[in-house]
Amino acid sequence: MAAILLCADSPDRFDVPPGVVQWIPELCDRPRQLAEIVPEEETDLVVGVHRAHANLGNLQAAVRRLGFDPLGVGVLDLDAVPDLQGLNIAVAAARAWVSPYPGADAGRLKMLSPERKSRRDFLTVGAPRYVGAPGIDTELCVAANGCRMCATECPSGALTREGGRIAFDVNTCVACGICVTTCPTGATRNPSADFDSLETVVRAVVESAQGQVAIRYRCRESVVEPESGWYQLEVPCTGMLTVGWLLAPLGLGAVDVDAVPCGTGGCRLGNEERLAVTMEDFSAVLGRAGEVPPLEMVEPFYPSSGGAAVAAVLPHDSIVDFVSAPIGLVTIDETTCTACEMCATICPTDALISDPDAMGVRIEFDPRVCVACGQCVGTCPELSAGAIGLNRRFDAGEWALGARVVREEDVPVCEVCGGPVAPAAMLTRIQEMLTGDDTETMALISRRCVDCRGR
Amino acid sequence: MNPDGLSRLRQGVYRLLGAGTSHPTRELVAVAEATPLLLDELGLFDFSYAADLVDACGLIAQSDFELLAIEYVTLFEAGVTGIAYPAFESAYRADARTGQTAELVAEVRRTVLRYGLTLDEAKRDMIDHIGTELEIMAMLCRRESQRRREGKPTIKALMQQDEFLREHLLSWAPGYAMSVGRVEGHPVYSAIAKALAAFLEDERQLVPLLLAGERSD
């Protein structure tokens, strides 16, 4: 059993039968009183406060004193609850949050400046509030291959690619979660923005409401007016949402889904445009799909930006164009591509792979794992010649086709050692670039591999 | 919690961890149990490292001093092929073959003297030992607390803390602490190291916030 303790500021609004929850007077202002209320043997804790004026740092300190991990406690916002049914749903969601929370190690917490919400707070230093910060699983991270998606998308510059690895500065991080959903391999994780937790919470919400509920994503910092039939699901920043994250609640049985940026004055991180693009792509999918069928598995929604989810919900003859991610079709122009394999080297999801052997180079493309990150385009040395292109498009026919060879090129054999010299198209390109009549150099480059040219 | 309480809390935690990472004393074992209660008065549970620190104190209080001393030597002072977990900054940041060790130790010494702190030359540990560096931070927190009580500006003390953390402690101690925290068979020192890692990650973020707050006031 979980102890469910709610601030008794306005219990009349909900008319909850006694015994289901405990209404605690002034819980928002005096969270330390929890020490006298929560039984020692309690293993789960759900706390309801009014976010508009509760000092969450002090609340975290109070539950920490009780031996709980503050981020593993279910906290519900009573200001976001419209009615009694909404309260039951919010309690179910808060209880569900407790179980999948993976915990945070040292260095995976972001300290926010102490909140000052009351006059008393101005006279003292309030307790700092912690939120989850990203950590990078070096086993999954492919920065060594050139990937820099998280660093490119990070709005605060907290993630940088240095010497083939991603460096993280917690002091610059704003814990928005964008790095989590843009990482093509799922290497970036944040315990406060975890897809497993999302799935568990949405399932609990839908079950509690017997399917009659819609999900409204909202930012950590925003206050959104409660509305009957809508459950407000807090994420660090709605800018982190992807088409996959928006489709997931529908696949899990919610009747509708939407997302709102910071309540008033726009997103403080400047991510409204990002959310608007995602919503446009989401609308494009919904417009074509009509309705989202129930999904047994939501695993395909993550870690990619949702390409597999799109394929799961769209009819089999669909062609849908996207503004940004989640899915792409890479095209290679055989006349200008030199088969240098840079695109396959940098591709973080192995949508593009190269298969060199003694006879030649083969580059394969599989749209089912492409996340339209565009890194192949950015790294192509022959981009200006139009060697590679990326269409952010779902084409059911292409999807069904799966992996296919998009480029094949012969590779001459070294006259000394018998090893590969370079793709023939690359040698032709080098010849074009060499000025004058330096035929001797060109002959050497064409006939010998790099290791044998000095002999 | 008030600002003075915060600097006294941090001073206390630095001192406790400084003692916990140095050669053990009977005094450390004797006071470990009561320390979290004292620090709680100053706001210990406002911070994420509280649980790790309480765990470490509990294990220190339950431990046998003689066995603890043996564990310390085994982990941090002896070893057939060298010290298992050297507790010196220079062991991680300097190449002994090129004389960088002496340079780095001299740099720490110069920094400490520049801060106006006095060194106890009779102490057995080198100045770049983890325990000594934590004690230096405790002294800087004490200075901040004293100035706060006297109504004097604290920005210089905070700048010194920020500098020493960035230039020295944070450049090596988190990695050291993470390594020791993973050691099996030495639960006391593993727990102390986990508390140290958690505390330093907190300090990495807290000191710049305090400094920014002081500059804006």
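Residues numbered from 1 in each chain as written. Chains lettered and ligands numbered in written order. Predicted model: local features only at pLDDT ≥ 70, side-chain atom pairs only at ≥ 80, totals over all residues. Heavy atoms only, no water.

Draft legend 1. Looking closely at the overall build of chain A. Secondary structure assignment for chain A yields 15 helices and 20 strands. Each of the three principal axes of chain A carries a C-alpha extent, and together these read 90 × 50 × 40 Å. Long-range contacts, defined here as pairs at least 24 residues apart, represent 68% of the contacts in chain A between residues at least 6 apart. Surface exposure of chain A reaches about 20,400 Å², of which carbon and sulfur atoms provide 49%. Charge-centre separation for chain A: the mean point of 36 positive side chains lies 6 Å from the mean point of 61 negative side chains. (Helix = DSSP H or I, 4+ residues; strand = E, 2+ residues; numbered from the N terminus. Contact = heavy atoms within 4.5 Å. Areas by Shrake-Rupley, 256 points an atom, 1.4 Å probe, with all protein chains shown as cover. Lys, Arg positive; Asp, Glu negative; His and termini not counted. Charge placed at Lys NZ, Arg CZ, Asp CG, Glu CD.)

Draft legend 2. Quick peek at the overall build of chain B. Along the backbone of chain B there are ten helices and zero strands. Listing every helix and strand of chain B by position from the N terminus yields α-α-α-α-α-α-α-α-α-α. Rg of the C-alpha trace for chain B: 17 Å, near the compact-globule value of 17 Å for 217 residues, within the 12% margin. Dimensions of chain B, computed from C-alpha atoms along their principal axes, come out at roughly 55 × 45 × 30 Å. Buried residues in chain B amount to 52% of all 217 residues. Long-range pairs, those at least 24 residues apart, make up 74% of the contacts in chain B with a sequence separation of at least 6. Here chain B has roughly 10,100 Å² of accessible surface; of this, 53% comes from carbon and sulfur atoms. Considering chain B, the positive charge centre built from 23 side chains and the negative charge centre built from 33 side chains are found 6 Å apart. (Rg over C-alpha atoms; globule rule 2.2 N^0.38 Å. Buried < 20%, exposed > 50% of the residue type's maximum accessible area, 1.4 Å probe, protein only.)

Draft legend 3. Representation of the side chain of Asp366(A) within the structure. Among the secondary structure elements, Asp366(A) is positioned in the loop between β17 (360-365) and α12 (375-379). We classify Asp366(A) as buried; its relative accessible area is 13%.

Draft legend 4. A look at the confidence of the model for chain A. For chain A, the mean per-residue pLDDT works out to 86, and 90% of the residues sit at or above 70. At the level of individual helices and strands, chain A shows its lowest average pLDDT in helix α4 (residues 119-123) of chain A, which scores 53, and its highest in strand β18 (residues 388-391) of chain A, which scores 96. (pLDDT = per-residue confidence, 0-100.)

Draft legend 5. Looking closely at the sheet that holds strand β16 (residues 352-354) of chain A. Residues and elements named next belong to chain A. Sheet architecture is open: three strands sit in the order β16-β17-β20, paired in antiparallel fashion. What marks the edges here is a single partner per strand, and that holds for β16 and β20 (404-410). Across the sheet, the axes of successive neighbouring strands diverge by a mean angle of 15°, strand direction being ignored. One ladder, built from six bridges, connects β17 with β20; its direction is antiparallel. (Pairing = 2+ DSSP bridges. Axes fitted to C-alpha atoms, helices over the stretch in contact; angles between N-to-C directions.)

Draft legend 6. Expanded view of the interface of chain B and chain A. Each side of the interface is counted separately: chain B has 18 residues, and chain A has 18 residues. When chain B packs against chain A, close to 1,600 Å² is buried across both sides, 60% of that on carbon and sulfur atoms. At the boundary of chain B with chain A, the tally comes to two salt bridges. With a shortest N-O distance of 2.7 Å, Asp40(B) and Arg65(A) are connected by a salt bridge. Our count for the chain B to chain A interface comes out at nine residue pairs in polar contact (both at pLDDT 80 or more). Ranked by residues supplied to the side of chain B that touches chain A, first place goes to helix α10 (residues 187-216) of chain B with nine residues. Taken together, the residues that form the side of chain B that touches chain A break down as ten nonpolar, three polar and five charged. (Buried area = accessible area lost by both parts, 1.4 Å probe. Salt bridge = Lys/Arg side-chain N within 4 Å of Asp/Glu carboxyl O. Polar contact = N/O pair within 3.5 Å; in protein donor to acceptor, adjacent residues only side chain to side chain. Nonpolar A, V, L, I, M, F, W, Y, C, P; charged D, E, K, R; others polar.)

Draft legend 7. Up close: the sheet that holds strand β12 (residues 230-235) of chain A. All names here are of chain A. On the basis of which strands lie adjacent, the open sheet formed by three strands has the order β12-β11-β13 and parallel pairing. A single partner strand is all that each edge strand has here, and the edge strands are β12 and β13 (257-260). Here the strands of the sheet are splayed against their neighbours by 25° on average, with no regard to which way each runs.

Draft legend 8. Representation of the side chain of Gln160(B) in the model. Structurally, Gln160(B) can be placed in helix α9 (residues 155-181). Setting aside residues no more than four positions away along its own chain, Gln160(B) makes contact with Tyr115(B), Leu140(B) and Arg143(B).

Draft legend 9. Up close: the packing of aromatic side chains. Within the structure shown, the criterion is met by 13 aromatic pairs over all chains. Ring geometry for Tyr72(B) versus Phe76(B): centroids 5.0 Å apart, planes at 55°, classification tilted. Residue Tyr72(B) and its partner Phe76(B) are both found in helix α5 (residues 65-76); the two are separated by four residues, about one turn of the helix. Summarising the burial analysis for this pair, Tyr72(B) and Phe76(B) share the class buried. Site record: aromatic cluster; members linked through ring pairs are Tyr72(B), Phe76(B), Tyr92(B), Trp172(B), Tyr176(B) and Tyr189(B). The cationic tip of Arg216(A) hangs over the ring face of Trp230(A); the distance from NZ or CZ to the ring centre is 4.1 Å. (Phe/Tyr/Trp six-rings, centres within 6.5 Å; stacked < 30°, edge-to-face > 60°. Lys NZ or Arg CZ within 6 Å of the ring centre and 35° of its normal.)

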